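Chain and residue survey
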Amino acid sequence: MSMITERPVSNSGGQPPVRPVPEEAVNGQRGVRAVVSAYVALTKPRIVELLLVTTVPAMMLADGGMPSLWLVAVVLVGGSLAAGAASVLNCYIDRDIDQLMRRTKRRPLPAHTVSPRSALIFGLVLAAVSLALMAVFTNWLATGLTLAAIVYYDLVYTLWLKRTTAANTFWGGICGSAPVLIGWAAVTGSLAPAAWALFAVVFFWQMPHFYALAIKYKADYARAGVPMLPVVASVRRVNAEILAFSWLTLISSLAVWPLGMSPIYGVTALVVGGIFVVEAHKLCRRATRGEAVKPMRLFHWSTTYLTILFAAVALDALL
């Protein structure tokens with residue numbers, strides 16, 4: 001049997017020599033780590049993290065302070081599992097087009113690290129556990145919204161809209177904005193105007209955020225036959241939508257201000273929203289002039305924007 005051997009430790013100090021480590025054991029440990037990493041990758045942790053950035057501040061605003069830490073923990077775990085389940089099922093449905101795109105061909109299903117059947121079972125189990133947690137420890141409105149978000153993302157957006165219409169990003173924004181409503185409902189059992197206003201912020205924000213990504217990977221989407229707006233529309237049309245939704249993001253964020261928020265939130269929304277709009281205009285100006293567009297600059301700033309804005313929501317709620 002092949003061994004990976006270590007240099008023996010001197011026995012003069014009374015210590016026993018280091019035993020050789022079987023190579024099969026080392027390879028087995030690496031194999032387990034690779035499989036675990038593959039299953040984690042299916043849940044798209046970065047997307048989960050971004051969704052949770054909006055959930056907790058919404059809960060704090062709904063409570064007018066800091067909700068029960070137990071409730072926050074339940075919603076964080078249940079929301080993470082739900083978002084992870086939706087992403088796993090998305091990977092299962094999209095496995096045919098993922099293998100055609102450079103950006104996604106290394107995902108676990110195209111790379112054959114995880115079988116489609118295993119991914120499907122994994123996604124359904126995550127969804128069941130998340131819904132059970134929400135049903136037992138929150139309320140039926142929050143649970144129903146969680147179920148609706150999973151079903152909408154996978155069956156309506158991924159299976160239908162993403163492959164058939166250039167408006168896929170617009171309609172897909174509904175499920176991406178749902179965590180705000182879920183967090184609010186988990187605290188209050190209802191939905192208030194401020195919850196819908198925050199929902200609108202995240203909804204409108206998603207268009208310039210994902211259009212920037214689609215510009216970067218335009219050739220990938222075209223190769224896979226996915227009708228993302230930058231693939232099927234003119235530069236002028238794409239620019240118009242990026243600018244329109246960037247301004248709507250700023251306007252909707254300012255609409256939250258009179259709904260019980262202080263200048264801490266209002267000034268933050270005005271400043272970071274203004275920077276967001278300026279970055280959108282810069283991207284569109286470069287595209288119109290035929291210059292290097294640099295879409296990831298807007299993409300990364302949009303993530304920073306959302307994080308800062310919802311941090312201001314949380315701070316405002318505490319103070």
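Further up the page is the structure itself.
An account of the accompanying structure is given in this report. (Residues numbered from 1 in each chain as written. Predicted model: local features only at pLDDT ≥ 70, side-chain atom pairs only at ≥ 80, totals over all residues. Heavy atoms only, no water.)

1. Regarding the environment of Arg117
For Arg117, the position within the fold is in helix 5 (residues 116-137). With 83 residues separating them along the chain, Arg117 and Ala34 place their C-alpha atoms 18 Å apart. (Helix = DSSP H or I, 4+ residues; strand = E, 2+ residues; numbered from the N terminus.)

2. Digging into the nonpolar core
In terms of nonpolar packing, the biggest core is built from 45 residues, with Leu198, Ile242, Tyr265, Tyr305, Leu309 and Phe310 touching the most fellow members. When contributions to this core are tallied by element, the ones reaching two or more residues are helix 2 (45-63), helix 7 (168-188), helix 8 (193-216), helix 11 (235-255), helix 12 (263-289) and helix 13 (295-318). At 15 residues, the largest contribution of residues to this core is made by helix 8. Leaving out residues up to four positions away in the same chain, Leu198 has contacts with Ala58, Leu61, Val180, Val256, Phe310 and Val313. If you look at the next biggest cluster of nonpolar residues, it comprises 15 residues, including Val56, Met59, Val72 and Ile182. (Core = buried A, V, L, I, M, F, W, Y, C linked by side-chain atoms within 4.5 Å. Buried < 20%, exposed > 50% of the residue type's maximum accessible area, 1.4 Å probe, protein only. Contact = heavy atoms within 4.5 Å.)

3. As for the state of the cysteines
All chains considered together, the criterion is met by 0 disulfides. Not part of a disulfide, Cys91 finds its nearest cysteine sulfur in Cys175, a span of 14 Å. (Disulfide = S-S within 2.5 Å.)

4. Notes on the packing of aromatic side chains
The final tally for this structure, using the stated rule, is 11 aromatic pairs. Between Phe170 and Trp171, the ring centres sit 5.0 Å apart and the planes meet at 90°, which makes this aromatic pair edge-to-face. For Trp171, a relative accessible area of 41% puts it in the partly exposed group. An angle of 25° between the planes, with centres 6.2 Å apart, marks the rings of Phe204 and Phe245 as stacked. With Phe204 in helix 8 and Phe245 in helix 11, the pair connects residues that are 41 residues apart, well separated along the chain. What makes Phe245 buried here is its relative accessible area of 11%. Ring pairs connect the aromatic residues Phe170, Trp171, Trp196, Phe199, Phe203, Phe204 and Phe245, which therefore count as one cluster. The cationic tip of Arg95 hangs over the ring face of Tyr92; the distance from NZ or CZ to the ring centre is 4.3 Å. (Phe/Tyr/Trp six-rings, centres within 6.5 Å; stacked < 30°, edge-to-face > 60°. Lys NZ or Arg CZ within 6 Å of the ring centre and 35° of its normal.)

5. Concerning a nonpolar patch on the surface
On the surface, a nonpolar cluster with roughly 610 Å² of combined accessible area is contributed by Met66, Leu69, Ile264, Leu315, Leu318 and Leu319. Looking at the element boundaries, Met66 is found in the loop between helix 2 and helix 3 (69-93). (Patch = residues over 30% accessible without salt bridge, like charges linked within 9 Å, V, L, I, M, F, W, Y side chains within 5 Å. Areas by Shrake-Rupley, 256 points an atom, 1.4 Å probe, with all protein chains shown as cover. Salt bridge = Lys/Arg side-chain N within 4 Å of Asp/Glu carboxyl O.)

6. Comments concerning the layout of surface pockets
Considering only enclosed or pocket space, the second largest pocket measures out at about 180 Å³ in volume. Around the second largest pocket sit Ile215, Lys218, Pro230, Ala233, Ser234, Val235, Val238, Asn239, Ala287 and Val293, which together line it. Class assignment for the residues of the lining of the second largest pocket results in 7 nonpolar, 2 polar and 1 charged. (1 Å grid on protein atoms, 1.4 Å probe; cavity = no way out; pocket = protein on both sides within 12 Å on 5 of 7 lines; lining within 4 Å. Points joined across faces, edges and corners; volume = space filled by probe spheres on them. Nonpolar A, V, L, I, M, F, W, Y, C, P; charged D, E, K, R; others polar.)

7. Here we look at the side chain of Asn90
In this fold, Asn90 is placed in helix 3. Each residue touching Asn90, except ones within four places of it in the same chain, is listed here: Lys44, Tyr153, Asp154 and Thr158.

8. So, helix 12
Between its first and last C-alpha, helix 12 extends 38 Å over 27 residues, near the 39 Å set by a 1.5 Å rise per residue. One or two steps after helix 12, the chain reaches Gly290, where phi turns positive at roughly 75°. (Expected span 1.5 Å × (residues − 1).)

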